[in-house]
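This is what each chain is made of:
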Amino acid sequence: MKSQVLIGGGWRDADVVGTFRAVDPTSGQAIGDAFPISSCADLDEALTAACAVASELAATAPETIASFLAAYADGIEAHSEALASLAHQETGL
């Protein structure tokens, strides 16, 4: 199965130059799935896509952005215990 990246609002196969996997610093054991390290071509495409919509984001009503951020924060809060546990594994703190 190929690694996928989200660029310009759509998922596509990544131009992978390597992978990254979190490691528990206390045990040296790998944690979870490996993530792709994309090529400079993927990075250029992502930056081009972001620049293309920057003016749209700048014109977005502050209330819309605030609503999005509140919903995102709610999602983090709903999964806070799992996120804290994973952060502990990844950092050893």
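Residues numbered from 1 in each chain as written. Predicted model: local features only at pLDDT ≥ 70, side-chain atom pairs only at ≥ 80, totals over all residues. Heavy atoms only, no water.

**Q** What am I meant to see in the overall build of the chain here?
**A** Looking only at helices and strands, one finds 3 helices and 4 strands in the chain. Starting at the N terminus, the α and β elements of the chain follow one another as β-β-β-β-α-α-α. Here the C-alpha atoms of the chain give a radius of gyration of 17 Å, more than 25% beyond the 12 Å that 2.2 N^0.38 yields for 93 residues. In terms of its C-alpha atoms, the chain occupies a principal-axis envelope of roughly 45 × 35 × 20 Å. Expressed as a percentage of contacts within the chain between residues at least 6 apart in sequence, the contacts between residues at least 24 apart total 39%. Per element, the accessible surface of the chain, about 7200 Å² overall, is 62% carbon and sulfur. (Helix = DSSP H or I, 4+ residues; strand = E, 2+ residues; numbered from the N terminus. Rg over C-alpha atoms; globule rule 2.2 N^0.38 Å. Contact = heavy atoms within 4.5 Å. Areas by Shrake-Rupley, 256 points an atom, 1.4 Å probe, with all protein chains shown as cover.)

**Q** Looking at this structure, how should I read the environment of Asp 33?
**A** Summarising the element assignment, Asp 33 is placed in strand β4 (residues 30-38). Residue classification places Asp 33 among the exposed residues on the basis of a relative accessible area of 61%. As for Asp 33 and Arg 21, which are separated by 12 residues in sequence, their C-alpha atoms are 6.5 Å apart. Among residues more than four places away in sequence, those in contact with Asp 33 are Phe 20 and Arg 21. (Buried < 20%, exposed > 50% of the residue type's maximum accessible area, 1.4 Å probe, protein only.)

**Q** Help me out: how do you make sense of the pattern of salt bridges in this one?
**A** Side chains that carry opposite charge are capable of pairing whenever their charged atoms lie near each other. The final tally for this structure, using the stated rule, is 2 salt bridges. Here Asp 42 ties to Arg 12 by a salt bridge, and the two come within 2.5 Å at their closest N and O atoms. Taken together, the positions of Asp 42 in helix α1 (residues 40-58) and Arg 12 in strand β2 (residues 10-13) put the pair 30 residues apart, joining distant regions of the chain. Among the ionic pairs, Glu 45 bridges to Arg 12, the shortest N-O distance being 3.0 Å. (Salt bridge = Lys/Arg side-chain N within 4 Å of Asp/Glu carboxyl O.)

**Q** For this particular structure, what's the right way to read the confidence of the model for the chain?
**A** The pLDDT averaged across the chain works out to 94; a share of 99% of its residues lies at or above 70. β4 is the least confidently modelled element of the chain, averaging 91 in pLDDT, while helix α2 (residues 62-78) averages 98, the highest of any element. (pLDDT = per-residue confidence, 0-100.)

**Q** How do you make sense of α1 when you look at a structure like this?
**A** What sets the pattern is the α-helix's 3.6 residues per turn: residues three or four places apart point alike. The end-to-end C-alpha separation of α1 is 26 Å, in line with the 27 Å expected for 19 residues at 1.5 Å each. Of all the bends in α1, the greatest measures close to 35 degrees and is centred on Ala 52. (Expected span 1.5 Å × (residues − 1). Bend = angle between axes of the 7 residues up to and from the residue.)

**Q** I keep staring at the side chain of Asp 42 and nothing clicks. Help me out?
**A** When its relative accessible area of 4% is taken as the criterion, Asp 42 is described as buried. Residues in contact with Asp 42, not counting those within four places in the same chain, are Val 5, Ile 7, Arg 12, Ala 14 and Asp 15.

**Q** Is there a simple way to explain the pairing of β2 in this structure?
**A** Regular strands place side chains that alternate from one sheet face to the opposite one. When strand β1 (residues 4-7) meets β2, the two strands line up antiparallel, connected through 4 bridges. Of the residues in β2, the one forming a bridge with Ile 7 is Gly 10. Once β1 ends, the chain turns through 2 residues before running back antiparallel as β2, passing Gly 8 with a positive phi of about 65 degrees. (Pairing = 2+ DSSP bridges.)

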